[in-house]
Structure formats: structure tokens, C-alpha cells
Amino acid sequence: MIIHEPPSLRERRAPPSYTETVLDSLQHWVPHLAGVFVLVTATYALARTFHIGIGTLPYVAILRAVVQLAIIALALRGIFAFPAAAPLFIAVMLTTASLTSGKHARHLHRGKVAAALGIVTGSLLTLAGIFTLGLIEFTTQNLIAMSGIIIGGTMTIVTLTTRHFVSQLKHRVGEVEGWWALGAPSPVAFADVRRESIREALTPGLDQTKATGLVTLPGTFIGALMGGASPTLAAQMQVAVLAGQTLSGLIAALIFTAIITRTTRFPIQAS
């Protein structure tokens, strides 16, 4: 007697081998990278023609981006398969962001520690708020995506706060020294510089928020649409991101400047 295999079993395909997976990836990536190379070469040629002075930086930057994104893609495959590893990945993002902003703040009073404490606190509090309020469904994918966006935005605001703080001091040394001469504590002497630095750091993000949908279509919105989300859901996710980035950045900047202003010395760049 002949036993016929059920159609469902006949139609099943064996999982692709490692070699097949690599070849499939190359088939998609090679033409894509060729197109990217054309864009980067155009940037390099244009910059060289007008003597912009950035050298081969466009090539170096895009090469680093490709390598880093490839590594991240592999890491995310593992994290999505083992969600318990998500906190470790978030810790790596927080560490990288803290080191990046800390590098710019190294000449300020306890600048590296201040940057790290601000970024970690602001990012984690905001992420907790977003998921606790139910603004976005709590899944491993959403947690990783939101963490990257919030932590990256917070890092940028802390870095901008650092640059504006040092720039403000260069022109307001006499004002701060005057407060000290009157016996005011350092937090009071630096108060105006602190407020102005934070305001300037937040302004680009707030301008982008005001122009969202009219001038720009942010990445979260486009990514959600391309992932199959409805326009309404994509808009809700984007609004949560915009509000979260501003809150996280403000918390981080307040903590950062509260620490760096507890000194009676000027940073090297402002002296």
C-alpha cells in the first residue's frame, strides 16, 4: 500500500542553510552598497572640488556605519530570539552614549560622570513612562527601538548643552566672577549660563517637533509605515517619541548642568 504524504508536509521547505542565507544577503546588499558608493563618491568629489577640507571622511563615516549596522543586525537577531538579553543591549547603548557625550564634557567639573548620570537617568525614566502609560505596546522589538531613539536623542541634547555651556562662558566670564565676588555660590553664579545652554540645546528638537508632518516626516513614522503599521498608529508612535526625547533630554541636561556648575573653576576652553 502506498502512503501519500500530506500536502502540508510536501509543501514544507527545509530551513535555508548558512551558505544560502549568506548568499541571499549578498544578493540584496551588493547592489545596494554600489548605489551608496555612488552617493558617497559624489559627496567626496563635490567637497574636494570646493575645497571643503573633509578629505576621505565621507568614505570612512559610511564604512563605519555599514560595519556597525551589520554588527547590530546580528546582535538584534540574537536578542529577538532571547528577549532576556535586551537589558544588556540597552546597557551597551547607554554606555556608548555616556562615553560619547562625556568626551565632549571632559574639561568640565566631573563632566564625564555628569554626562553619564544625566543620560542614564533621563533615558530610563522616560522609557519607563512611555511603556507604563501604554503609549507604545511593550514588546522586545519596541523596547529596543524606543531605547535607541530616546538614548540617542538624549545624548545629542547633553552634547549640545556642553557646547553651548562652554560657548556661553567664553562671553560671560566677568558676569560669573562678579557673582562670586558678591559671595554667591557657584550654582547661582552659573544659573543664567545654565538656563541659556539648556534652552539652546532643546531648541532644534522643539523646532523639528513643531515642523513634523509639514516639513519633515521623522524616521519613526516612516519606519512604522514601512513595517505595516497604519498611519494612525505610526503617528501615535512618532508623537510618543517626540515627547519622550524632549523630556529625556531636559532631565539629562538639568542633571548634567547641576553637577558641572558645582565648581569655582572655569573649564579650560572658557578661560
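Residues numbered from 1 in each chain as written. Predicted model: local features only at pLDDT ≥ 70, side-chain atom pairs only at ≥ 80, totals over all residues. Heavy atoms only, no water.

Looking at the environment of Leu 94
Note the cut-off: A run of H or I in DSSP becomes a helix once it reaches four residues, and a run of E becomes a strand once it reaches two; helices and strands are each numbered from the N terminus. Here a residue-residue contact requires only that any non-hydrogen atoms of the pair lie within 4.5 Å.
Looking at the secondary structure, you find Leu 94 in helix H4 (residues 86-104). Note: C-alpha distance between Leu 94 and Leu 124 (30 residues apart in sequence) is 9.4 Å. Not counting the four nearest positions on each side in its chain, Leu 94 is found in contact with Ile 119, Val 120, Ser 123, Leu 124 and Ile 151.

Let's talk about the side chain of Thr 162
The condition is simple: The rule is simple: take the accessible area with a 1.4 Å probe, protein chains only, and divide by the maximum for that residue type; under 20% is buried, over 50% is exposed, in between is partly exposed.
Along the chain, the position of Thr 162 falls in helix H6 (residues 140-171). Judged by relative accessible area, Thr 162 falls into the buried class, the value being 2%. In this view, Thr 162 contacts His 104, Ala 105, Leu 108 and Phe 256; residues no more than four positions away in its chain are not counted.

Comments concerning the side chain of Thr 257
Mapped onto the secondary structure, Thr 257 falls in helix H11 (residues 231-260). A relative accessible area of 0% places Thr 257 in the buried class. Excluding residues within four positions of it along the chain, Thr 257 makes contact with Thr 161, Arg 194 and Ile 198.

Regarding the nonpolar core
Quick note on the threshold: The criterion is simple. A nonpolar core is a set of buried Ala, Val, Leu, Ile, Met, Phe, Trp, Tyr and Cys residues joined through side-chain atoms within 4.5 Å.
Among the nonpolar cores identified, the biggest contains 43 residues, and Met 146 and Phe 256 are the most heavily contacted of them. The set of elements that each furnish at least two residues to this core consists of helix H3 (57-81), H4, helix H5 (111-132), H6, helix H7 (173-181), helix H10 (219-226) and H11. Looking at this core element by element, the count peaks at nine residues for H6. Here Phe 256 is in contact with Ala 105, Leu 108, Gly 111, Ala 114, Ala 115, Val 158, Thr 161 and Thr 162, once residues within four sequence places are set aside. Ile 157, Ile 198, Ala 201 and Ala 253 belong to the second-largest nonpolar core, a separate cluster that totals five residues.

Comments concerning a nonpolar patch on the surface
Which entries qualify depends on this criterion: A patch is a set of surface residues, each over 30% in relative accessible area and not in a salt bridge, joined within 9 Å for like charges and within 5 Å for the nonpolar side chains Val, Leu, Ile, Met, Phe, Trp and Tyr. Working definition of accessibility: Shrake-Rupley area with a 1.4 Å probe, residue cover restricted to the visible protein chains. Salt bridges are defined by distance alone: a side-chain nitrogen of Lys or Arg within 4 Å of a carboxyl oxygen of Asp or Glu.
Taken together, the side chains of Trp 29, Leu 33, Ile 62, Leu 63, Val 66, Val 67 and Ile 71 present a nonpolar region at the surface, about 600 Å² in accessible area. At the level of elements, helix H2 (18-49) and H3 are the ones that each hand at least two residues to the nonpolar patch. Looking at the element boundaries, Leu 33 is found in helix H2.

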